[in-house]
Amino acid sequence: MYDKLQSVEDRYEELGELLSDPEVISDTKRLMSLTKEEASIRETVAVYRNYKKTMSQLNETEELLGENLDAEMAEMAKEELSTLKKEKADLEEQMKVLLLPKDANDDKNIIMEIRGAAGGDEAQLFAGDLFTMYQKYAESQGWKTEVLEANITGIGGYKEIIFMITGNNVFSKLKYENGAHRVQRVPTTESQGRIHTSTATVVVMPEAEEVEVDIAEKDIRTDIYHASGAGGQHVNKTASAVRLTHLPTGIAVAMQDERSQIKNREKAMKILRARVYDMLQQEAQSEYDANRKSAVGTGDRSERIRTYNFPQNRVTDHRIGLTIQKLDQILSGKLDEIVDALVLYDQTEKLEQMQNGN
């Protein structure tokens, strides 16, 4: 582990020199790539340097204890040694986590799709609640949300809403949201006060760059048609809606939110690229899961992952057995407690696998 950490520190120092090289500075693409690499290992280097400093202090304190000290000095040295040993153990755990294999998508923006599933109107209203929850969480993280496509119901819910969240490390925090989310509450339309159970599904996909998934123009069928729905004369006169179909996979995306055909095509292409990339990732994940199944993996999306129980103000994540009596706060975007627990669980699982040589 320490050899690996030393090589990471050596690379960090090398990057520092490269980033001040005029040739690199003038090459925007290379500069961005090296800056990103430097940022990705900065925390690991800081923890490793702190560890080396702690080890040096620990060795000095042990040497000091070997000398003839008076009772008071010896007691102070023992206390210092105890503190340093705890620091050493904590830093070792941090370094193990930092050396875990990184998910290549963790620093990406995401495209999220939420759909009302079982439960009719109530499921679609719940899809709207989930969208608001993620939107408010994104705000709290300093991220930006942009709706790409929304199919709004008459009662204010969503049959489907597709939106993009951009910012720092979005995928790393929201990748565990894939799956079926279940709500238990009394609908406003229920006169008998009976609790209904409904579900909405959430899909989280990393934004895909053109270089990551090569979609040839010849593999896309483009259909142009008149937009439907609200919009007055524009809807009737302008063929601005776009449907893109990726012929090799059969994945299709329709977009009509914008008045411009060009803008609709850009948005549709963004979603299409993400879906094709996601499909390739899912296939690789299925292969991986055949050997190693993670309880909080981003694989099976039909799986019921979480229940939101309104009468008891309770949220339960079934994958890790976490129950929190703060449903009102969670729906207002305070997702940190759940996100942190899922990240920690995933890291702990990976550490165990690494230590067991799996």
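Rules of the game
- Residues numbered from 1 in each chain as written.
- Predicted model: local features only at pLDDT ≥ 70, side-chain atom pairs only at ≥ 80, totals over all residues.
- Heavy atoms only, no water.
- UniProt positions renumbered as here; feature names shortened; annotations may be inferred.
- Helix = DSSP H or I, 4+ residues; strand = E, 2+ residues; numbered from the N terminus.
- Buried < 20%, exposed > 50% of the residue type's maximum accessible area, 1.4 Å probe, protein only.
- Contact = heavy atoms within 4.5 Å.
- Areas by Shrake-Rupley, 256 points an atom, 1.4 Å probe, with all protein chains shown as cover.
- Axes fitted to C-alpha atoms, helices over the stretch in contact; angles between N-to-C directions.
- Parallel < 35°, antiparallel > 145°, perpendicular 65-115°, else oblique.
- Left-handed = near helix turned anticlockwise from the far one by under 90°.
- Nonpolar A, V, L, I, M, F, W, Y, C, P; charged D, E, K, R; others polar.
- Salt bridge = Lys/Arg side-chain N within 4 Å of Asp/Glu carboxyl O.
- Pairing = 2+ DSSP bridges.
- Expected span 1.5 Å × (residues − 1).

As annotated in an unreviewed UniProt entry, the protein carries the name Peptide chain release factor 1 and comes from Isobaculum melis. Looking at the Function (unreviewed entry) heading of the UniProt record, one finds this comment for the protein: "Peptide chain release factor 1 directs the termination of translation in response to the peptide chain termination codons UAG and UAA." For the record of the protein, the UniProt heading Sequence similarities (unreviewed entry) holds the text "Belongs to the prokaryotic/mitochondrial release factor family."

K.L.:
So what exactly am I meant to see when it comes to the overall build of the protein here?
P.N.:
Each helix and strand counted, the protein has 10 helices and 11 strands in total. Counting all 358 residues of the protein, 41% fall into the buried class. Look at the contacts in the protein between residues 6 or more apart in sequence, and 61% of them connect residues 24 or more apart. Total accessible area on the protein stands at roughly 19600 Å², and carbon and sulfur atoms take up 48% of it.

K.L.:
Would you mind showing me how to read the packing of helix H1 (residues 2-18) against helix H3 (residues 28-65) here?
P.N.:
Each pair of packed helices gets described by two things: the angle between the helix axes and the distance between those axes. Their axes nearest at 8 Å, the elements H1 and H3 cross at an angle of 135°. As summarised for this structure, H1 and H3 are arranged oblique, according to the angle between their axes. For the crossing formed where H1 meets H3, the hand is left-handed. Along its contact with H1, which presents Tyr2, Leu5, Gln6, Val8, Glu9, Arg11, Tyr12, Glu13, Leu15 and Leu18, the element H3 presents Arg30, Leu34, Glu37, Glu38, Ile41, Arg42, Thr44, Val45, Tyr48, Arg49, Tyr51 and Lys52. Considered class by class, the residues forming the contact of H1 with H3 number 11 nonpolar, two polar and nine charged.

K.L.:
Got a minute to help me understand the pattern of salt bridges in this structure?
P.N.:
When their charged atoms lie close together, side chains carrying opposite charge are able to pair. Evaluation of the coordinates by the stated rule reveals 21 salt bridges. For Glu38, the salt bridge goes to Arg42, with nearest N and O atoms at 2.8 Å. Remark: Arg42 and Glu38 occur in helix H3; sequence separation between them is four residues, near one turn of the helix. Exposure remark for Arg42: the relative accessible area of 40% places this residue in the partly exposed category. Measuring nitrogen to oxygen at the nearest pair gives 2.7 Å for the salt bridge that ties Arg306 to Glu177. Of the two residues, Arg306 sits in strand S9 (residues 304-309) while Glu177 sits in the loop between helix H6 (170-174) and strand S4 (179-185), which places them 129 residues apart along the sequence. On the basis of relative accessibility, which here comes to 0%, the residue Arg306 falls in the buried class. The network of salt bridges with common partners includes Glu9, Glu13, Arg49 and Lys52.

K.L.:
Explain the sheet that holds S9 here, please?
P.N.:
The strands that make up a sheet are held in pairs by hydrogen bonds between backbone atoms, and each pair lies either parallel or antiparallel. Across the sheet, which stays open at both edges, the eight strands sit in the order S2-S3-S1-S5-S4-S9-S10-S11 with mixed pairing between neighbours. Each edge of the open sheet carries a strand with a single partner, namely strand S2 (144-152) and strand S11 (322-324). Across the sheet, the axes of successive neighbouring strands diverge by a mean angle of 15°, strand direction being ignored. In this sheet, strand S5 (residues 196-206) lies alongside strand S1 (residues 110-116) in antiparallel orientation, the contact comprising seven bridges. Paired with Glu113 across the bridge in S5 is Val203.

K.L.:
Explanation requested: the sheet that holds strand S8 (residues 251-255) in the structure shown.
P.N.:
On the basis of which strands lie adjacent, the open sheet formed by three strands has the order S6-S7-S8 and antiparallel pairing. Because the sheet does not close on itself, it has two edges, and the strands there are strand S6 (220-225) and S8. Across this sheet, the average inter-strand angle for adjacent strands is 15°, counted without regard to direction. For S6 and strand S7 (residues 241-246), the ladder comprises six bridges, and the chain directions are antiparallel. Paired with Asp223 across the two strands is Arg243, which belongs to S7.

K.L.:
Teacher, can you tell me more about the packing of H3 against helix H4 (residues 71-98) here?
P.N.:
Between H3 and H4, the least distance of the axes is 9 Å, while the angle of their chain directions is 155°. In terms of orientation, H3 and H4 fall into the roughly antiparallel class. As for how H3 packs across H4, the hand of that crossing is left-handed. Partitioning the contact of H3 with H4 into residue classes produces 14 nonpolar, six polar and eight charged.

K.L.:
Mind showing me how you'd approach H1 here?
P.N.:
The terminal C-alpha atoms of H1 lie 24 Å apart, and with 17 residues this matches the ideal 24 Å at 1.5 Å per residue to within 8%. Among all positions of H1, only Leu5, Val8, Glu9, Tyr12, Leu15 and Leu18 are buried. Where H1 is buried, its residues meet helix H2 (22-26), H3 and H4.

K.L.:
Which parts of the structure should I look at to understand helix H5 (residues 120-140)?
P.N.:
An α-helical turn contains 3.6 residues, so any two residues separated by three or four positions project in the same direction. The end-to-end C-alpha distance of H5 is 31 Å, a good match for the 30 Å that 21 residues give at a rise of 1.5 Å each. Every buried residue of H5 is listed here: Glu122, Ala123, Gln124, Phe126, Ala127, Gly128, Leu130, Phe131, Met133, Tyr134, Tyr137 and Ala138.

K.L.:
I tried to follow unusual backbone geometry on my own but got confused; where do I start?
P.N.:
Most peptide bonds adopt trans geometry, and most residues besides glycine take a negative phi value. Not every positive phi belongs to a glycine, and Asn169 is a case in point at roughly 55°. Assignment of secondary structure puts Asn169 in the loop between strand S3 (158-166) and H6. Of note, the phi angle at Asn313 is positive, near 50°, even though the residue is not glycine. Positionally, Asn313 belongs in the loop between S9 and strand S10 (314-317).

K.L.:
Help me understand the side chain of Ser198, please; the structure alone is not making it clear to me.
P.N.:
Along the polypeptide, Ser198 turns up in strand S5. Once residues lying within four places of it in the same chain are set aside, the contact partners of Ser198 are Ala118, Gly119, Glu122, Ala123, His181, Arg182 and Val183.

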